[in-house]
Amino acid sequence: TKHGENIAVSLSTTLLRNQLGEPIAMLNIARNISERTRLMKVLENRNKQIELINRIIVKANQTINFREIFEIVAQEIQTLIPCDDVNIGVLNPDGASLKIYSAIGKESLSEIGIIPLENSISKFSIKERKPIIVNDFLAEEKYRSIASYKQGLGAQLSYPITLKGKIFGTINIGTKEPYTFFDEHIEMLHPIAQQIGFIIDRILLFNKVSEDSAYVRNLLDSIDSIVYTVDNQLRIQEVNIAWYSFMKDFGIETMEDYHGKALFDVLPNEQLKIMFQNVIDQILNGSMRIFSQEFIHRSSKGDIVYNITINPMVINQKVVGLVFTHNDITALKKSEAELKKSNEQLLALHEISTLVSSSREVNIMLNEAIPILRNNTNAAGIIVYLLESDSNDLILTYQIGFDKEEFPTIFNLPISASATGHVVVTKKPLYISDKVYLDERMIPANREILKRLNLDAMALIPLVSKDKVFGALDIFYDHPHVFSNQEKQILMLVGNQLGVAIENSLLYDELRSQVQRLTVLYQLSQELTSTLNIDQIFEVVYKYVKQVIPFQMFRIDLYNEKTKIKTPILNVEKINGEDIFVTTLSQPTSIAISSAIENVLRNRNIYQSSDKHLIAVPMISKNVILGIILIEAENGMCYSGTHIQLLESISNLTAIALEKARLYEETLQKSIEIEKRNKELDDFTYVVSHDLKEPLISVEGFSRILQLDYKDIIQAEGKEYLDSIVGATKRMKGLIDDLLSLSRVSRPTESFKEFSIKEILDDILNDIEFTIKQRRIELILPDDFPTVFGNITQIKIVFRNLIGNAIKFNKSPNPKVEIGFQNTENNHYLFYVKDNGIGIDKEFYDKIFLIFQRLHRREEYEGSGAGLAIVKKIIELHNGKIWVESELGKGSTFYFTLPKPPINIIKD
Ligand code: ADP
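Residues numbered from 1 in each chain as written. Predicted model: local features only at pLDDT ≥ 70, side-chain atom pairs only at ≥ 80, totals over all residues. Heavy atoms only, no water.

### Remarks on the overall build of the protein chain
How we decide: Each helix is a run of DSSP H or I of at least 4 residues and each strand a run of E of at least 2, with the numbering of both proceeding from the N terminus. Between the two quantities, the radius of gyration covers C-alpha atoms and the globule rule is 2.2 Å times the number of residues to the power 0.38. Only protein chains enter the accessibility calculation, which uses a 1.4 Å probe. A residue is then buried if its area is under 20% of the maximum for its type, exposed if over 50%, and partly exposed in between. For this analysis, residues touch if any pair of their heavy atoms sits within 4.5 Å. Each accessible area value is a Shrake-Rupley result obtained with a 1.4 Å probe; residue values ignore everything except the protein chains displayed when judging cover.
For the protein chain, the helix and strand inventory stands at 23 helices and 30 strands. Its C-alpha atoms give the protein chain a radius of gyration of 69 Å, more than 25% over the compact-globule value 29 Å for 908 residues. Reported as C-alpha extents along the three principal axes, the dimensions of the protein chain are approximately 240 × 80 × 60 Å. Residues classed as buried in the protein chain amount to 41% of the 908 residues present. Sequence separation of 24 or more characterises 57% of the internal contacts of the protein chain that already satisfy a separation of 6 or more. Split by element, the accessible area of the protein chain, about 51,300 Å² in all, is 53% carbon and sulfur.

Right, dumping it as structure tokens:
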């Protein structure tokens, strides 16, 4: 039965599968012959099948090419199942078409191609996931849609190829005849389809693996790092392309296959071997996770720095091999070094900026900053040139690395013909990387120096601040030197920093010298005002000029505009650094035509030689030339505008002082004369008064005799005349006495001493006590009076006269007299005597102090008019002043000053 057959077949297939080598054994199980015959046939088929599959497997092991395999498969199928058409297709990834790998029998499919699923019977087998048999395309409605593509095929069988539940493709067989395929054919295709599934799987896997490994290989070969692997026996497994060039570097040119060779036989470098030997065991035994170290390979192309790492290959926690990689980190190292260098340079720049911003003096600043710069740049030498404002030359201001004595031509660079000058003019740096001694821009003499000192490279950096340029920085290298952008930038910054610092310090210097000049002028004017001695004036002037203006020769001539004569007064010459005073005999000297002095006198203005080497300045006061100051600079030096201004100021101060001193001398002369005359006058007054008194006494004496002895003889009229004579004589005697006491004031018998005003006031008030009481005079006095220094007798006269007048010239019913004083700032006390009397018209303020000058008739107020004259003279003898302030009818106040006692006396 069909059923039984199925069982038998399945049984025998099972048996067959298990015991492939012994198919005969199964015969014993068969129960009857026919069955046996049938089984024999089945077995035969099975055998064929197995052999077929074996053939397929053998082929599949030889190739991974689908087409080759499928061609065999197709042929084998045809031998197994007679048919007109076989094709094997693999489902494309789109799921909508088949890629046909093999086609036998049918013309249209003889070429490998892609056919849409829609046109194939596979559409059904794939969709239904089971084998499909079409018995007759023309008869079966279901398959009619694809019949047109079948080109004469009557029947077809489509078997889906599946693996792990996934459909890969189909095996399709066909015959021209309809009704040719049965389940038995399906059975026959079953193991083949299964085997194809395995093959496809294996091939895909293989492809994938080989794709992966190719990818890895490519990757390894495309990287620059050298990579090689060894197994745990240290036999080389893989090496990449970079490995070969690495070997080549060691002179090993062969491209031999390193696979399987012992690593240590192959390694081309002893150092590498030693390095590896020390660590390999530890990595292999797992005590070291990873090894990494730098290695310098001195190759013909220069040093290469490798970072070498060794990684273990671990499978199932076992180290099965090692991966070596050499990474070329030369560039990294270089940029690291560059970074470090630029970092150092930045630090140095910072240091230089701090230095230059804190220091005020150019030289100090350069002395600190340039050595740092030199260290940092590895320069052989550095020169700082500063621009001289007057001469347009670059002057060497600071240098290191050169022997100045040996190379005089580096001191001064003309701005027009030197490379440094060019840098200063353009404010742009210049970098010369090598053979600087051949550079035509350099001055030939200096090129020689560069050559002699083996200097190769040079940086010329302008020293600029904002838009101003102050000079240049020349940096010399004793090796060729390529300037990196970073380095250029830093050098520029250094140039700027120095420029700013130099500008600052120049400003500071200017400020300082201005302050110094002002100080000198101030001190000079102070000293000049405190002296009135002409010789001293010139000494002082010389002393200060010496401080602020350097000179080789300094001369002062006095000049008399009226006589047109000049007289040398001071003549100093510098000899061997010492000032020598050339003796001047104060002899008038002649004025040479068109000499500096003649120029000054003619133009009444300052004269300077064209090279500013000599300056002559007039000393002018009130439009009169009093003299000329002449100054000459040392050889090669010239005077700046500042020097000239300074000398003019000094000259003006000198002129003023000179005039003042002369005026003083004149005044002194005059006052001596006046004093002399006053003395003569006093002497005369004294003598005259004294001598006049004698005859007057005689007149009075004889008049009295006449009055007494001849009174009976003389008539009444004559008696009256006689009385008048006696009265006049008396008055005259009074006047002469007054004159005498006035002249006596200037020949005091006592010396000055210290005494209290209170002392003398007590005396005076005692004397006039009666009058005060009688006239009810209100007396106002301060609590205390000061001590003064003077002639006590004379001061007593002063107070007595003033108080006397205050009482005498007073008609007030409540007469008031006030005495007081003020302590003034200087060495005097200011006293006053104030009354509420008749007052004095302003017109007479001065007149009342003249002798015998009175404002009233004798009958009205008695007196002679000598009192205030005496008071004034006494006050003046005490170096004081006296004046009156008054208002008619209201009262007068007399002010006068008296000296305080000298300080040393107070101390005693
Ligand atoms: P005499 O007092 O002898 O007149 P003085 O020399 O003392 O001479 O004074 C001169 C003149 O000044 C006085 O005649 C008087 O006219 C005026 N005089 C002085 N003191 C006062 C006073 N305190 N008030 C008003 N007039 C005065």
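This is not the end of the story, as more comes after the structure.
### So, the site of the ligand
Using the following cut-off: Residues are labelled near a given molecule or strand when at least one of their non-hydrogen atoms is within 4 Å of it. Under this definition, polar contacts are N or O atom pairs within 3.5 Å; protein pairs additionally need one hydrogen-donor-capable and one acceptor-capable atom, and for neighbouring residues in sequence, both atoms have to be side-chain atoms. Think of it as three bins: nonpolar holds Ala, Val, Leu, Ile, Met, Phe, Trp, Tyr, Cys and Pro, charged holds Asp, Glu, Lys and Arg, and polar takes everything else, Gly as well.
Around the ligand lies a shell of 21 residues, among which Asn805, Lys808, Arg854, Gly865 and Leu868 are the nearest. Within the side chain of Asn805, one N or O atom sits 2.9 Å away from an oxygen atom of the ligand. Here an oxygen atom of the ligand and a backbone polar atom of Ser864 are 3.0 Å apart. Surface burial for the ligand is 98%, taken as the share of its 530 Å² of free accessible area covered by protein chains. Broken down by secondary-structure element, the contributors of at least two residues to the shell around the ligand are helix H21 (792–808), helix H22 (867–877) and strand E30 (891–899). Tallied by class, residues from the shell around the ligand come to 9 nonpolar, 9 polar and 3 charged.

### Some remarks on the confidence of the model for the protein chain
Let me state the cut-off plainly: For every residue, the predictor reports its confidence as pLDDT, a number between 0 and 100.
Confidence in the prediction of the protein chain, expressed as mean pLDDT, is 84, and 93% of residues score 70 or more. Contacts for the low-pLDDT stretch residues 1–32, under 50 throughout, to residues beyond four places or in other chains number 22 contacts.

### So, the packing of aromatic side chains
Filter applied, for reference: Classification of ring pairs rests on two measures: the distance between centres of Phe, Tyr or Trp rings, Trp counted by its six-membered ring, which must be within 6.5 Å, and the angle between planes, read as stacked under 30 degrees, edge-to-face over 60 and tilted in between. Either the NZ atom of lysine or the CZ atom of arginine qualifies as a charge over a ring when it sits within 6 Å of the ring centre and within 35 degrees of the ring normal.
For the structure shown, the criterion picks out 27 aromatic pairs. Measuring from centroid to centroid gives 6.3 Å for Trp243 and Phe246, while their planes differ by 50°, and the two rings are tilted. Residue Trp243 and its partner Phe246 are both found in helix H7 (residues 241–249); the two are separated by 3 residues, about one turn of the helix. For the ring pair Tyr244 and Tyr258, a centre distance of 5.7 Å and an interplane angle of 50° mean the geometry is tilted. You can see Tyr244 sitting in helix H7 and its partner Tyr258 sitting in the loop between H7 and helix H8 (263–266), a full 14 residues away along the chain. According to the relative accessible area criterion, Tyr244 is buried, its value standing at 18%. Through a chain of ring-to-ring contacts, three or more aromatic side chains come together here, namely Tyr228, Trp243, Tyr244, Phe246, Phe250, Tyr258, Phe276, Tyr306 and Phe324. Across from the ring centre of Phe168, 6.0 Å away, lies the NZ or CZ of Lys166, which sits over that ring. If you follow Lys900 out to its NZ or CZ, it ends over the ring of Tyr829, 5.2 Å from the centre.

### A word on helix H19 (residues 757–767)
Rules: Here the arc refers to the set of directions running from the helix axis out to each C-beta atom.
Buried within H19 are the following residues: Ile757, Ile760, Leu761, Ile764 and Leu765. In a view along the axis of H19, the buried residues occupy a sector of 130°, so they form one face of it. In H19, those exposed residues whose orientation departs by more than 90 degrees from the buried face are Asn766 and Asp767. For H19, the side-chain oxygen to backbone nitrogen distance between the N-cap and Lys758 is 3.1 Å, and the N-cap itself is Ser756.

### Some details on the side chain of Asn599
Tracing the sequence through the fold places Asn599 in helix H16 (residues 596–603). Dropping the residues within four chain positions of it, Asn599 is found in contact with Ser594, Arg604 and Tyr607.

### A closer look at the packing of helix H15 (residues 534–548) against helix H17 (residues 641–709)
Quick reminder of the rule: Think of each axis as a best-fit line through the C-alpha atoms, taken over the contacting stretch in the case of a helix, with angles from 0 to 180 degrees between the N-to-C directions. Any angle that is under 35 degrees is reported as roughly parallel, and any over 145 degrees as roughly antiparallel; angles of 65 to 115 degrees are reported as roughly perpendicular and all others as oblique. A clockwise turn of the near helix away from the far one marks a right-handed crossing, whereas an anticlockwise turn of less than a right angle marks a left-handed crossing.
Between H15 and H17, the least distance of the axes is 10 Å, while the angle of their chain directions is 165°. Looking at the two axes, H15 sits roughly antiparallel to H17. Here H15 and H17 pass one another in a crossing that is right-handed. Where H15 approaches H17, its residues Ile534, Ile537, Phe538, Val541, Val545 and Val548 are matched on the opposing element by His643, Leu646, Leu647, Ile650, Thr654, Ala657, Leu658, Ala661, Arg662 and Glu665. When its residues are assigned to classes, the contact of H15 with H17 shows 12 nonpolar, 2 polar and 2 charged.

### Let's talk about the nonpolar core
Our working definition: We define the nonpolar core as a collection of buried residues of types Ala, Val, Leu, Ile, Met, Phe, Trp, Tyr and Cys that are connected through side-chain atoms lying within 4.5 Å of one another.
The biggest cluster of nonpolar side chains holds 41 residues, and the ones touching the most others in it are Ile757, Phe799, Ile803, Phe831, Phe894, Phe896 and Leu898. Once you skip the residues sitting within four places of it in the chain, Ile803 turns out to touch Leu761, Ile764, Ile768, Ile819 and Val833. Core analysis: the next-biggest nonpolar cluster, separate from the first, contains 37 residues, Val90, Ile133, Leu157 and Ile192 among them.

### Some thoughts on the sheet that holds strand E11 (residues 318–328)
As a reminder of what qualifies: Strand pairing follows a simple DSSP-based rule, namely that at least 2 bridges must link the two strands.
Read from one edge of the open sheet, 5 strands run E8-E7-E11-E10-E9, paired in antiparallel fashion. Either end of the sheet is taken by a strand with one partner, and the two such strands are strand E8 (236–239) and strand E9 (291–299). Averaged over all neighbouring strand pairs, the angle between strand axes comes to 20°, with direction disregarded. Summarising the sheet, strand E10 (residues 302–315) and E11 pair through 10 bridges and their orientation is antiparallel. Bridge pairing links Pro312 to Leu322 in E11. Taken strand by strand, H7 contacts strand E7 (226–231), E8, E9, E10 and E11, and its axis lies near 100° from that of E7. Sheet strands touched by helix H10 (residues 330–358): E9, E10 and E11. Its angle to E10, the strand with the most contacts, is close to 120°.

### Concerning the sheet that holds strand E18 (residues 553–560)
Sheet strands associate in pairs through backbone hydrogen bonding, adopting either a parallel or an antiparallel arrangement. Reading across from one edge, E20-E19-E18-E23-E22-E21 is the order of the 6 strands in this open sheet, with antiparallel pairing throughout. Looking at which strands have only one partner, the edges of the open sheet turn out to be strand E20 (578–581) and strand E21 (607–608). Bridge count between E21 and strand E22 (residues 614–621): 2 bridges; the pairing is antiparallel. Residue pairing across strands places Gln608 opposite Ile615, the latter belonging to E22. Running over the sheet, H16 touches E18, strand E19 (565–575), E21, E22 and strand E23 (624–632) and is turned about 145° from E23.

### A short note on the environment of Lys333
Its place among the elements puts Lys333 in helix H10. When its relative accessible area of 27% is taken as the criterion, Lys333 is described as partly exposed. Taking the C-alpha atoms as reference points, Lys333 and Lys562, 229 residues apart in sequence, are found 91 Å from one another. Ignoring anything within four residues of it in the chain, the contact list for Lys333 reads Glu294 and Val305.

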